[in-house]
There are 2 protein chains.
Amino acid sequence: VKIGIIGSGRMGAALGALWVRAGHDVCFGDIDEAKAQAAVEAAEGGRACDVPHAAEFGDIVLLSPPWPKFREALQMCGPMQGKIVIEILNPLRPDFSGLEIGFDTSAAEEVAKAVPQARVVKAFNVLPSPLLDPAKRPSAEKISIFFCGDDPEARELTAQLITDCNFDPVDCGALKAARYLEPMAMLLMHMVFQQKLPAEIGFRFLRPA
Amino acid sequence: VKIGIIGSGRMGAALGALWVRAGHDVCFGDIDEAKAQAAVEAAEGGRACDVPHAAEFGDIVLLSPPWPKFREALQMCGPMQGKIVIEILNPLRPDFSGLEIGFDTSAAEEVAKAVPQARVVKAFNVLPSPLLDPAKRPSAEKISIFFCGDDPEARELTAQLITDCNFDPVDCGALKAARYLEPMAMLLMHMVFQQKLPAEIGFRFLRPA
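What counts as what
- Counting restarts for each chain, with residues numbered from 1 along the sequence as it is written.
- Ligands are numbered from 1 and chains lettered from A, in the order in which they are written.
- Local features in a predicted model are, by the rule used here, given only for residues with pLDDT of at least 70; side-chain atom pairs are given and counted only at 80 or more, and totals for whole chains, interfaces and linings are based on all residues.
- Only hydrogens and water are set aside; all other atoms, that is, all heavy atoms of the structure, feed into the side-chain values.
- Alignment of the copies relies on least squares applied to C-alpha atoms, considering only residues that score at least 70 for pLDDT in both.
- Any two residues whose heavy atoms approach within 4.5 Å at even a single point are treated as in contact.
- Two strands form a pair only when DSSP identifies at least two bridges running between them.
- The helix and strand labels rest on DSSP assignments: H or I over at least four residues marks a helix, E over at least two residues marks a strand, and numbering proceeds from the N terminus.
- Lines are fitted to the C-alpha atoms to define the axes, a helix being fitted only along its stretch in contact, and any angle between axes, read from their N-to-C directions, falls within 0 to 180 degrees.
- Expected helix span is computed as 1.5 Å times (number of residues minus one).
- Exposure classes here rest on a 1.4 Å probe applied to the protein chains alone. A residue is buried below 20% of its type maximum, exposed above 50%, and partly exposed in between.
- Buried area: the sum, over both parts, of the accessible surface (1.4 Å probe) that disappears when the two are put together.
- Here, a salt bridge means any side-chain nitrogen of Lys or Arg that lies within 4 Å of a carboxyl oxygen of Asp or Glu.
- Polar contact is defined as a pair of N or O atoms within 3.5 Å, subject to the rule that within protein one atom must be able to donate a hydrogen and the other to accept it, and that residues adjacent in sequence are counted only when both atoms are side-chain atoms.
- Any angle from 65 to 115 degrees is called roughly perpendicular, while one under 35 is roughly parallel, one over 145 is roughly antiparallel, and all others are oblique.
- Throughout, a crossing is termed right-handed when the near helix is turned clockwise from the far one, and left-handed when it is turned anticlockwise from it by less than a right angle.
- Basically, the charged four are Asp, Glu, Lys and Arg, the nonpolar ten are Ala, Val, Leu, Ile, Met, Phe, Trp, Tyr, Cys and Pro, and anything else, Gly included, counts as polar.
- By the counting scheme adopted, Arg and Lys are positive, Glu and Asp are negative, and His together with the chain ends is not counted.

**Student:** What exactly am I supposed to notice about the relation of the copies chain B and chain A here?
**Tutor:** Between the two copies of this chain, the relationship is a rotation about some axis together with a displacement along it. By a simple turn and slide, chain B fits onto chain A: the slide is 0.0 Å along the axis, the RMSD is 0.0 Å, and the turn is 180°. What the rotation and shift describe, once combined, is the action of a two-fold rotation axis. No C-alpha of chain B approaches the rotation axis more nearly than that of Arg204(B), which lies at 2.5 Å. Both copies share a contact surface, since 100% of the interface residues of chain B are interface residues in chain A too.

If you want it as structure tokens, here you go:
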């Protein structure tokens, strides 16, 4: 699959590297092109470019800028008609004390409103970035990655990309389930920042076999 | 430990039964005294009484009425000075479409405001009631029960009561972490009602050994 990364920070760069390793064609984009170049080197593959070209390149676009920059990033991406947009945002307050938006909407729904011609999926937000390194994961139990979106095909492809990272995909249905996934991510941050746990924490979804 | 149950419905009755089995002295209370009596019979132990007496009986009080009834239940309980109150409420909208209260407060904090002389802990809300039956749990991996509260001793005792049910206790610190635990429970309900999964689902919290 052709994947464009919008925002090659800790999450974007590491996810892209996993997908390079899984055989996908990845284009790392960032406002700071040196960052995109560094992501290519770390991934030992893929290519680097600016944000508009990364968005144009991908059949799937990973939206991974910092939350306060997402509107600006989307403006640089254009309408992305028909593209699958996987967004991993957590709508944090500037002081990290909680979420900016809540039960009547979600970061995911705000993204979908901003690019109505794209097919938006929420994924990878309930995941501290260190766990993108397979060596840092608890070995016995696979971490679950919760995702949701209104387009079934987009969800199916996202599930595959999650499996490609050796995580356990959990389909949460419609995009508005992001209203629950964003607070879940906040709990992980709370466990790290307030409860002083190490960052290598996550959830496993248990269901009958 | 002496435990008073306020609301002997599915959650209250089954939790009480597990604690009877673990050797605790349990008093099942309910507005409907026949329900409390049925809980005693199902638990093969403990005693049944009305709500005020159950509250008086317990050093630990389990607050497990339906969400719309919690204020009424608390009025019957009195101030519960110094008692540990474990509340398991999810502040559901009447049509189950989401939560009534969100990021600026939580059911747990509302309970704490209503009984300021008690030591309130949030627990057991991220758990579908069928999983209280040990036979219905996935055998290999222990389900995590997330809990939070402002009193360290109350949290410690709650952790013990969770262990007594053969669950994995996860200390989430201050009571306001309930703002994240309540949406997590909503995700489980969403998975059952919208995604049509069976009710035997839950989360396991993964952290380094």
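**Student:** Would you mind going over the sheet that holds strand β8 (residues 168-171) of chain B with me for this structure?
**Tutor:** Residue and element names in this part refer to chain B. Pairing is mixed in the open sheet, where 8 strands are placed in the order β3-β2-β1-β4-β5-β6-β7-β8. Every interior strand has two partners, whereas the edge strands, β3 (47-49) and β8, have only one. Across the sheet, the axes of successive neighbouring strands diverge by a mean angle of 25°, strand direction being ignored. The pairing of strand β1 (residues 2-6) with strand β2 (residues 25-29) spans 5 bridges and is parallel. Opposite isoleucine 6, over in β2, you have glycine 29 as the bridge partner. Along the sheet, helix α5 (residues 107-114) makes contact with β4 (60-63), β5 (84-87) and β6 (119-122), crossing β6 at roughly 165°.

**Student:** Any chance you could explain helix α1 (residues 10-21) of chain B here in plain terms?
**Tutor:** Note on helix geometry: an α-helix contains 3.6 residues per turn, so any two residues three or four positions apart are oriented the same way. Residue and element names in this part refer to chain B. Compared with the 16 Å implied by 1.5 Å per residue over 12 residues, the 17 Å span of α1 between its first and last C-alpha is a close match. Every buried residue belonging to α1 is among Met11, Gly12, Ala13, Leu15, Gly16, Ala17, Leu18, Trp19 and Val20, and all of these are buried. Two residues or fewer past α1, glycine 23 is found with a positive phi of approximately 95°.

**Student:** Would you mind showing me how to read the pairing of strand β9 (residues 202-206) of chain B here?
**Tutor:** Working note: regular strand, side chains alternate between the two faces of the sheet. Counted residue by residue, β9(B) has 5 buried out of 5 residues, so it is predominantly covered. What you see with β9(B) is no split at all: Gly202(B), Arg204(B) and Leu206(B) on one side and Phe203(B) and Phe205(B) on the other are buried throughout. Bridging between strand β9 (residues 202-206) of chain A and β9(B) involves 5 bridges; their strand directions are antiparallel. Looking at β9(B), one finds that Phe203(A) is bridged to Phe205(B).

**Student:** Would you explain the interface of chain B and chain A in this entry?
**Tutor:** Interface size, as often reported, equals the accessible area lost upon joining of the parts. Of the residues lining the interface, 39 residues belong to chain B; the matching set on chain A comes to 39 residues. The contact between chain B and chain A buries some 3200 Å² in all, and 70% of this surface belongs to carbon and sulfur atoms. The largest share of the area that chain B buries against chain A comes from Phe103(B), Tyr180(B) and Leu206(B), three residues that together contribute 24% of it. If you look at where chain B meets chain A, you find 4 salt bridges. In this structure, the salt-bridge partner of Asp104(A) is Arg93(B), at a minimum N-O distance of 3.9 Å. Counting across the chain B and chain A interface gives 9 residue pairs in polar contact (both at pLDDT 80 or more). Among the elements that take part in the side of chain B that touches chain A, helix α7 (residues 178-193) of chain B stands out by supplying 9 residues, more than any other.

**Student:** I'm lost on α5(B) in this one. Help?
**Tutor:** Within the sequence span of α5(B), burial applies to Ala107(B), Ala108(B), Glu109(B), Glu110(B) and Val111(B). Contact partners of the buried residues in α5(B): β4, α4 (70-77), β5, β6 and α7 of chain B.

**Student:** Please explain the side chain of Asp168(B) as it appears in this structure.
**Tutor:** Locating Asp168(B) in the fold gives a position in strand β8. Reaching out from Asp168(B), the side chain makes a polar contact with the side chain of Arg207(B) at a distance of 2.9 Å.

**Student:** Looking at this model, I keep getting lost on the packing of helix α4 (residues 70-77) of chain A against helix α5 (residues 107-114) of chain A. Mind explaining?
**Tutor:** Residue and element names in this part refer to chain A. Put simply, α4 and α5 touch, their axes get as near as 11 Å, and they point 30° apart. The orientation of α4 relative to α5 falls into the category roughly parallel. In this structure, the crossing between α4 and α5 has a hand that is right-handed. Contacts between α4 and α5 involve Phe70, Arg71 and Leu74 from the former and Glu110, Val111 and Ala114 from the latter. Considered class by class, the residues forming the contact of α4 with α5 number 4 nonpolar, no polar and 2 charged.

**Student:** Hey, could you run me through the pattern of salt bridges in this one?
**Tutor:** Pairs can form between side chains of opposite charge whenever their charged atoms are close. Here the structure, examined in full by the defined rule, presents 26 salt bridges over all chains. Among the ionic pairs, Glu110(A) bridges to Arg71(A), the shortest N-O distance being 3.3 Å. Taken together, the residues Glu110(A) in helix α5 and Arg71(A) in helix α4 connect sequence positions 39 residues apart. In this structure, Asp151(B) engages Arg119(B) in a salt bridge whose closest nitrogen and oxygen atoms are separated by 3.3 Å. Pair noted here: Asp151(B) is in the loop between β7 (144-149) and α6 (152-164) and Arg119(B) is in strand β6, with a separation of 32 residues, a long-range link. Take Arg119(B): its relative accessible area is 24%, and that puts it in the partly exposed class.

**Student:** Whenever I open this one, the side chain of Asp30(A) confuses me. Can you help?
**Tutor:** All names here are of chain A. Relative to the assigned elements, aspartate 30 resides in the loop between β2 (25-29) and α2 (33-43). One buried charged residue, aspartate 30, forms no salt bridge at all, with the nearest opposite charge on lysine 35 at 4.8 Å. One polar contact links the side chain of aspartate 30 to the main-chain amide nitrogen of serine 8, over a distance of 2.7 Å. In terms of polar contacts, aspartate 30 uses its side chain to reach the backbone amide nitrogen of aspartate 32, at 2.9 Å. Each residue touching aspartate 30, except ones within four places of it in the same chain, is listed here: Gly7, Ser8, Gly9, Lys35, Ala36, Cys49, Asp50 and Val51.

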